[in-house]
Amino acid sequence: MDEEYDVIVLGTGLKECILSGVLSVNGHKVLHMDRNDYYGGESASLNLIQLWKRFKGNDKPPSYLGSSRDYNVDMIPKFMMANGNLVRVLIHTDVTKYLSFKAVDGSFVYNKGKVHKVPATDMEALKSPLMGIFEKRRARKFFAYVQDYVESDPRTHEGMDLTRVTTRELIAKYGLDDNTVDFIGHALALHRDDRYLNEPALDTVKRMKLYAESVFRFQGGSPYIYPLYGLGELPQAFARLSAVFGGTYMLNKPECKVEFNEEGQVCGVTSEGETAKCKKVVCDPSYLPNKVRKVGRVARAIAIMSHPIPNTNDSQSVQVILPQKQLGRKSDMYLFCCSYSHNVAPKGKFIAFVSTEAETDDPQVELQPGIDLLGPVDEIFFDIYDRYEPVNEPSLDNCFISTSYDPTTHFESTVTDVLNMYSMITGKELDLSVDLSAASAAEE
């Protein structure tokens, strides 16, 4: 291989595929390699036989579950915010032409042992059983402030500089109680723990606005959308995009050893005795294990069921967030459910996931509060994986390593990682100022 590439991308996880697609569209010469013979890496979608092989060690799933090929079970299940950055990336790159999306039915939060719909607006807050009548009035005022807030218009700030005022101070101004703060912070702003309370309020207000805008975008019961046939479609769509713009793909390449020059900078990748030269490498943590550190573990239960999750208005697809405080934990738990309505299971079947950051040596016990909300299950599997983050200095070695996927069931943190990597690789911000209203292609 005598050619030199601007970037070699290793691994076909979603983050790596988005980057190779976006880099190709923006004129970079990209070679994409993977040691697997399938797309998706850690974020692949499995059929029933693959699922059985992975978790039960055989390829004989019971016949009552239906045809194997009717299943597309995501290993890293996540929904997309309808107005979020991933949708903007999809539209910016025109990947939407390879995919079909459908709105997710419901967004719920666990509070005092019960599951409630998440109120996203001041009107919904008034109807919510999450709050008493006086609390509703206070919450309505707070929601109205957030809805009206415009960063560039001081008249909407009510004298507060949200880059200095903490979220705790902003919420205190409206006198909201801890339960209300819990669902606002975790189910609307999608913070993963309570550190945000002592950080500037602007981030939380922006996150709440994104949630509300995403709900309005589809006029649905949730702010989320999800691709038909599961997330396995996404890496393949970005791979197609990269190929259209001159990217080269090589699957099933063993070893993929990253090569360095005397200065410790990446200079190529060797597989099967051939070295492809490059200036930069993008990869997941498994390709450069000596340049990452373990930062945690994700525990997950995967359940096949014959009914929707109870107390979610019979939603065919739904997210339930269980805030840490409700469970006496340090981090939130997430419940994700999809079904035949998104073509990920045969008619009448539902796939549910319970995910969280493992905090003990017995993650199965930790996941129990989420599993208890599922009702009867046909089959259940348990998975646990280590989470890594890079510790190298990309400006010195030209290696750009993604962080492992977290337990959240939405894509916001994933896309933030991709956009940060893009900026480090190119020295430019990716312009995502697309007109979402014109982009109806991503909708049903």
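Residues numbered from 1 in each chain as written. Predicted model: local features only at pLDDT ≥ 70, side-chain atom pairs only at ≥ 80, totals over all residues. Heavy atoms only, no water.

### A few points about the sheet that holds strand β6 (residues 101-103)
Next up, step 1: Across the sheet, 3 strands lie side by side as β5-β9-β6; this open sheet has antiparallel pairing. The open sheet is flanked by β5 (80-81) and β6, the only strands paired with a single partner.
Next up, step 2: The pairing of β6 with strand β9 (residues 224-227) spans 3 bridges and is antiparallel. Each residue of the ladder has a partner; that of alanine 103, found in β9, is isoleucine 225. (Pairing = 2+ DSSP bridges. Helix = DSSP H or I, 4+ residues; strand = E, 2+ residues; numbered from the N terminus.)

### A few points about the environment of valine 377
Next up, step 1: By the element assignment, valine 377 lies in the loop between α12 (368-371) and β18 (379-390).
Next up, step 2: Owing to a relative accessible area of 32%, valine 377 belongs among the partly exposed residues under this scheme.
Next up, step 3: Taking the C-alpha atoms as reference, valine 377 lies 6.3 Å from alanine 303; in sequence the two are 74 residues apart. (Buried < 20%, exposed > 50% of the residue type's maximum accessible area, 1.4 Å probe, protein only.)

### Examining the packing of helix α5 (residues 133-148) against helix α7 (residues 178-188)
Next up, step 1: In the contact formed by α5 and α7, the axes pass within 11 Å of each other and the chain directions differ by 40°. Crossing of α5 over α7 shows right-handed handedness. When α5 is examined against α7, the residues Glu135, Ala139, Phe142 and Phe143 are found in contact with a partner set consisting of Thr180, Phe183, Ile184 and Leu188. (Axes fitted to C-alpha atoms, helices over the stretch in contact; angles between N-to-C directions. Left-handed = near helix turned anticlockwise from the far one by under 90°. Contact = heavy atoms within 4.5 Å.)

### Re the environment of aspartate 332
Next up, step 1: Note that aspartate 332 resides in the loop between α10 (324-327) and β16 (333-339).
Next up, step 2: Remark: the alpha-carbon pair of aspartate 332 and glutamate 274, spanning 58 residues in sequence, is separated by 46 Å.
Next up, step 3: Other than its neighbours up to four places away in sequence, aspartate 332 contacts His186, His191, Arg192, Ile321, Leu322, Pro323, Gln324, Ser355, Thr356 and Glu357.

### Description of the confidence of the model for the chain
Next up, step 1: Averaged over every residue, the pLDDT of the chain is 91; the share at 70 or more is 97%.
Next up, step 2: Taken as a whole, residues 438-444 scores under 50 in pLDDT and shows 11 contacts with residues more than four places along the chain or in a different chain. (pLDDT = per-residue confidence, 0-100.)

### With respect to the pairing of strand β1 (residues 4-10)
Next up, step 1: Most of β1 sits inside the fold, with 5 of its 7 residues counted as buried.
Next up, step 2: Here β1 pairs with strand β13 (residues 274-283) via 6 bridges, running parallel. Each residue of the ladder has a partner; that of tyrosine 5, found in β13, is cysteine 278.
Next up, step 3: Note: β1 against strand β2 (residues 30-33), 4 bridges, orientation parallel. Looking at β2, one finds that isoleucine 8 is bridged to leucine 31.
Next up, step 4: Following the chain from β1 across helix α1 (residues 14-25) to the adjacent parallel β2, one finds a crossover that is right-handed. (Right-handed = clockwise from strand over helix to strand, strands pointing away.)

### Examining the pattern of salt bridges
Next up, step 1: A complete count under the given rule lists 24 salt bridges for this structure.
Next up, step 2: Two residues, glutamate 357 and arginine 387, come together in a salt bridge whose shortest N-O distance is 3.1 Å. Of the two residues, glutamate 357 is situated in strand β17 (residues 350-357) and arginine 387 in strand β18; the sequence distance between them amounts to 30 residues.
Next up, step 3: Classification of arginine 387 as buried rests on a relative accessible area of 14%.
Next up, step 4: One salt-bridge network, held together by shared partners, links Lys78, Arg192 and Asp406. (Salt bridge = Lys/Arg side-chain N within 4 Å of Asp/Glu carboxyl O.)

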